[in-house]
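Each chain, letter by letter, is given below.
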Amino acid sequence: PTSTIPIQLKVNGQQHRFEIQPFVTLLDLLRNHMQLDGTKKGCDHGQCGACTVLINGVRINSCLKLAVSVQNSEITTIEGLGSPENLHPMQKAFVEHDAYQCGYCTPGQICSAVGMISEGHAHDREDIRELMSGNLCRCGAYTNIADAIEDAMGATASSCK
Ligand code: FES
Ligand code: FES
C-alpha cells in the first residue's frame, strides 16, 4: 500500500488535518474525505470547470490539483461561499436569473465567477463570456449565466467604488 502524507488545510474557514495518499486530488479530498459534494466531478481532466473552487481566493480546477500541493492553503467551496439563509451575492444572482437547469455545473460556475471578478479583468459581457469559457454547461444555460454574473458584477462594482 502507498504510504500517506500528513496535510493541513483550511476549508470554508475551518482548519483540517488529513493523512492522505499522495495521488489524491483536491476534488476527491473534498468530496470523499469531507463530504463536501457541492463541488462536482465532470470530466476529471481540467476540461469542464465543474470542480472549480477558490484557493486563497483564486479559482482553480480542483481535479487538477493534488491535495498535497495545496498544503496550508485556504480553500473555499460552494458550501463556504454562502448558506441557504445567507446566500452570497453571486448565488443570489444565479437564483434570480434562473441561471441553471440540471444544476450540475452551477457550483463551479459560481465559484469561477467569484474568482473572475476578483481577478479584475472582466468589464463587460464579452469579457464575461471569454473569461468564463472554462466552465461548460451541458444544458446550455449560458445566456442566463452571463446575465447573473453581469448583474452580480454590477452590484460588486458599485459597492466597491
Ligand atoms: Fe475538473 Fe472537469 S472535473 S475540470
Ligand atoms: Fe446543467 Fe449547466 S445547468 S450543466
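Everything numeric in this text was worked out from a predicted model, so none of it was measured.

Student: I would appreciate a short explanation of the overall build of the protein chain in the present structure.
Tutor: Helices and strands together make up the secondary structure of the protein chain, namely 6 helices and 5 strands. Counting helices and strands in the order they occur from the N terminus, the protein chain gives β-β-α-β-β-β-α-α-α-α-α. Against the 2.2 N^0.38 benchmark of 15 Å for 161 residues, the protein chain shows a C-alpha radius of gyration of 16 Å, consistent with a compact globule. Projected onto its principal axes, the C-alpha coordinates of the protein chain cover approximately 50 × 35 × 30 Å. Taking all 161 residues of the protein chain together, the buried fraction comes to 38%.

Student: Just to check I follow, could you spell out the sheet that holds strand S3 (residues 52–55) for this structure?
Tutor: Whether parallel or antiparallel, the strands of a sheet pair through hydrogen bonds between backbone atoms. In space, the 5 strands of this open sheet follow the order S2-S1-S5-S3-S4, with mixed pairing throughout. Two strands lie at the open edges of the sheet, namely strand S2 (14–20) and strand S4 (58–61), each paired on one side alone. Geometrically, the sheet is characterised by an average inter-axis angle of 40 degrees between neighbouring strands, direction not taken into account. Pairing geometry for S3 and strand S5 (residues 74–76), over 2 bridges, is antiparallel. Bridge pairing links Leu54 to Thr76 in S5. Along the sheet face, helix H4 (residues 106–119) touches S3 and S4 and points at about 40 degrees away from the line of S3.

Student: Just to check I follow, could you spell out the nonpolar core for this structure?
Tutor: Where a protein is soluble and globular, its nonpolar side chains tend to be buried together. Membership of the largest hydrophobic core comes to 41 residues, with the highest contact counts inside it found for Ile110, Ala113, Val114 and Ile149. Elements with a minimum of two residues in this core: strand S1 (5–11), helix H1 (26–33), S3, helix H2 (78–81), helix H3 (89–96), H4 and helix H6 (142–160). Per-element accounting of this core gives the leading share, 6 residues, to H4. A domain-level breakdown of this core finds at least three residues from each of domain 1 (5–80) and domain 2 (89–160).

Student: Explanation requested: H4 in the structure shown.
Tutor: Each full turn of the α-helix corresponds to 3.6 residues, which orients residues three or four apart in the same direction. A rise of 1.5 Å per residue sets the reference length of H4, with its 14 residues, at 20 Å; its end C-alpha atoms lie 20 Å apart and thus fit the reference within 8%. Two residues or fewer after H4 comes Gly120, characterised by a positive phi angle close to 80 degrees.

Student: Any chance you could explain the confidence of the model for the protein chain here in plain terms?
Tutor: Close inspection of predicted coordinates is inappropriate in any region flagged by low pLDDT. Looking at the protein chain as a whole, its pLDDT mean stands at 95, while 96% of the residues score no less than 70. The complex prediction reports pTM at 0.95, with the ipTM value standing at 0.99.

Student: Just checking my understanding: could you explain the domain arrangement of the protein chain for this structure?
Tutor: A common measure of how large an interface is: the accessible area buried when the components associate. For the protein chain, the assigned domains are domain 1 (5–80) and domain 2 (89–160). Relative to domain 2, the C-alpha centre of domain 1 lies at a distance of 21 Å. Of all the elements in the fold, those that place two or more residues in the side of domain 1 that touches domain 2 are S3 and S4. Top contributing element to the side of domain 1 that touches domain 2 by residue count: S3, with 3 residues.

Student: Would you mind going over the pairing of S2 with me for this structure?
Tutor: When a strand is regular, its side chains alternate between the sheet's two faces. Of all 7 residues in S2, 0 are buried; the element is thus mostly exposed. Bridging between S1 and S2 involves 7 bridges; their strand directions are antiparallel. Across the sheet, Val11 pairs through a bridge with Gln14, a residue of S2. Where S1 folds back onto S2 in an antiparallel hairpin, the turn is made up of 2 residues, including Asn12, whose phi is positive at roughly 50 degrees.

Cut-offs applied
- Residues numbered from 1 in each chain as written.
- Chains lettered and ligands numbered in written order.
- Predicted model: local features only at pLDDT ≥ 70, side-chain atom pairs only at ≥ 80, totals over all residues.
- Helix = DSSP H or I, 4+ residues; strand = E, 2+ residues; numbered from the N terminus.
- Rg over C-alpha atoms; globule rule 2.2 N^0.38 Å.
- Buried ≥ 20, exposed ≤ 12 C-beta atoms within 10 Å, placed from the backbone.
- Pairing = 2+ DSSP bridges.
- Axes fitted to C-alpha atoms, helices over the stretch in contact; angles between N-to-C directions.
- Contact = placed C-beta atoms within 7 Å.
- Core = buried A, V, L, I, M, F, W, Y, C linked by C-beta atoms within 7 Å.
- Domains from an automatic or database assignment.
- Expected span 1.5 Å × (residues − 1).
- pLDDT = per-residue confidence, 0-100.

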